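Examination of the molecular architecture
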Amino acid sequence: MALIAPSLLSANFLHLEADCRMLNESQADWYHLDVMDGRFVPNISFGPMLIDFFRKATTKYLDVHLMIEEPEKYVEAFHRAGANGITVHLEACRHLHRNLQQIRSLGIKAGVAINPHTPVDSLNDILQEADLVCIMSVNPGFGGQQFIPHTLEKVRQLRKRIDALQLSTLIEIDGGVTLDNASTLIEAGAHVLVAGNTVFKSADPKATISALKAC
Ligand code: DX5
Ligand code: ZN
């Protein structure tokens, strides 16, 4: 059964308290928190201060997705704010091995995300250092975009490699996940489904989370 990680980027920020309550009562496994710096991606979202509020609002796993340059400067602040896992982008890290080690040294899960144009093979020499690989199925920066079809094949490739190496690395798929493609993604090998618009723009977000969980 896949882990469901609703992305709060699609939430109504005037209703965050109610949305946290909804998530806490729901079958959501993780909170997915998208941090954007206006440099690595063409959008700015939020930083450690908001993560700190989420930490006080839930005991669920806080999955922090850093779409920022020079993540090493901020990893400790996100850890202090209460992140359970921090994911950095391969494309933003000149010293990815060091970045992942820095995160692991804090006693939390280290993740690496790859953009739609980055081949799965780029991860060959780093898989052992990652607790999670996030395959971006949209170009990072905004919620509510269309799933990019060829990324499905990347999930299959990565799952094959992880299984062959007998690693326990989790595969997360992020962007354009819907009730229509969720089961195909799980069959392809995804362990974690991130869903923003599908959850928060639906008439009954809690029921939508249950429907995703049932895929
Ligand atoms: C995109 C973010 C995603 C996004 C997902 O840059 O990393 O997590 O919020 O939103 P949906 O599910 O609406 O594509
Ligand atoms: Zn994300």
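Residues numbered from 1 in each chain as written. Chains lettered and ligands numbered in written order. Predicted model: local features only at pLDDT ≥ 70, side-chain atom pairs only at ≥ 80, totals over all residues. Heavy atoms only, no water.

1. So, the sheet that holds strand 2 (residues 30–36)
The strand order 1-8-7-6-5-4-3-2 describes an open sheet built from 8 strands, whose pairing is parallel. Where the open sheet ends on each side, the last strands, each with one partner, are strand 1 (3–6) and strand 2. Within this sheet the neighbouring strands show an average axis-to-axis angle of 25°, counted without direction. Taken together, the 3 bridges between strand 3 (residues 61–67) and strand 4 (residues 85–89) define a ladder with parallel strand orientation. The residue bridging histidine 65 from the neighbouring strand is threonine 87, located in strand 4. Across the sheet, helix 2 (residues 48–57) lies against strand 2 and strand 3, angled at about 170° from strand 2, the strand it touches most. Its contacts with the sheet place helix 5 (residues 151–164) against strand 5 (109–114), strand 6 (132–136) and strand 7 (170–174), and it is angled at close to 160° to strand 6. (Pairing = 2+ DSSP bridges. Helix = DSSP H or I, 4+ residues; strand = E, 2+ residues; numbered from the N terminus. Axes fitted to C-alpha atoms, helices over the stretch in contact; angles between N-to-C directions. Contact = heavy atoms within 4.5 Å.)

2. A word on helix 2
Among the residues making up helix 2, those that are buried are Leu50, Ile51 and Phe54. With its buried residues spanning 105° around the axis, helix 2 presents them on a single face. When the buried face of helix 2 is taken as reference, the exposed residues oriented beyond 90 degrees from it are Met49, Phe53 and Lys56. Its buried side turned inward, helix 2 meets helix 1 (16–25), strand 2, strand 3 and helix 3 (75–81). (Buried < 20%, exposed > 50% of the residue type's maximum accessible area, 1.4 Å probe, protein only. Arc of directions from axis to C-beta.)

3. Things to note about the packing of aromatic side chains
Within this structure, the stated rule accounts for 3 aromatic pairs. Seen in terms of ring centroids, tryptophan 30 and tyrosine 61 are 4.2 Å apart; in terms of plane orientation they differ by 20°. Their pairing is stacked. Placement of tryptophan 30 in strand 2 and of tyrosine 61 in strand 3 is noted, with a sequence separation of 31 residues between them. Given the relative accessible area of 8%, tryptophan 30 is considered buried. (Phe/Tyr/Trp six-rings, centres within 6.5 Å; stacked < 30°, edge-to-face > 60°.)

4. As for the site of ligand 1
Lining the immediate surroundings of ligand 1 are 20 residues, of which Asp34, Gly141, Gly144, Asp174 and Gly196 lie closest. For ligand 1, an oxygen atom lies 3.0 Å from a polar atom in the side chain of serine 7. Here histidine 32 contributes a side-chain N or O atom positioned 3.3 Å from an oxygen atom of ligand 1. Protein burial of ligand 1: of its 380 Å² of free accessible surface, 99% is covered by the chains. Elements with a contribution of two residues or more to the shell around ligand 1: strand 2, strand 3 and strand 8 (192–195). In terms of residues, the shell around ligand 1 owes the most to one element, strand 2, which gives 3 residues. Among the residues forming the shell around ligand 1, the class breakdown is 8 nonpolar, 10 polar and 2 charged. (Near = heavy atom within 4 Å. Polar contact = N/O pair within 3.5 Å; in protein donor to acceptor, adjacent residues only side chain to side chain. Areas by Shrake-Rupley, 256 points an atom, 1.4 Å probe, with all protein chains shown as cover. Nonpolar A, V, L, I, M, F, W, Y, C, P; charged D, E, K, R; others polar.)

5. Observations concerning the pairing of strand 3
Strand 3 sits mainly inside the fold: 6 of its 7 residues count as buried. Pairing of strand 2 with strand 3, which is carried by 7 bridges, proceeds in the parallel orientation. Looking at the pairing, histidine 32 lines up with aspartate 63 of strand 3. With helix 3 bridging strand 3 and its parallel neighbour strand 4, the resulting β-α-β unit is right-handed. (Right-handed = clockwise from strand over helix to strand, strands pointing away.)

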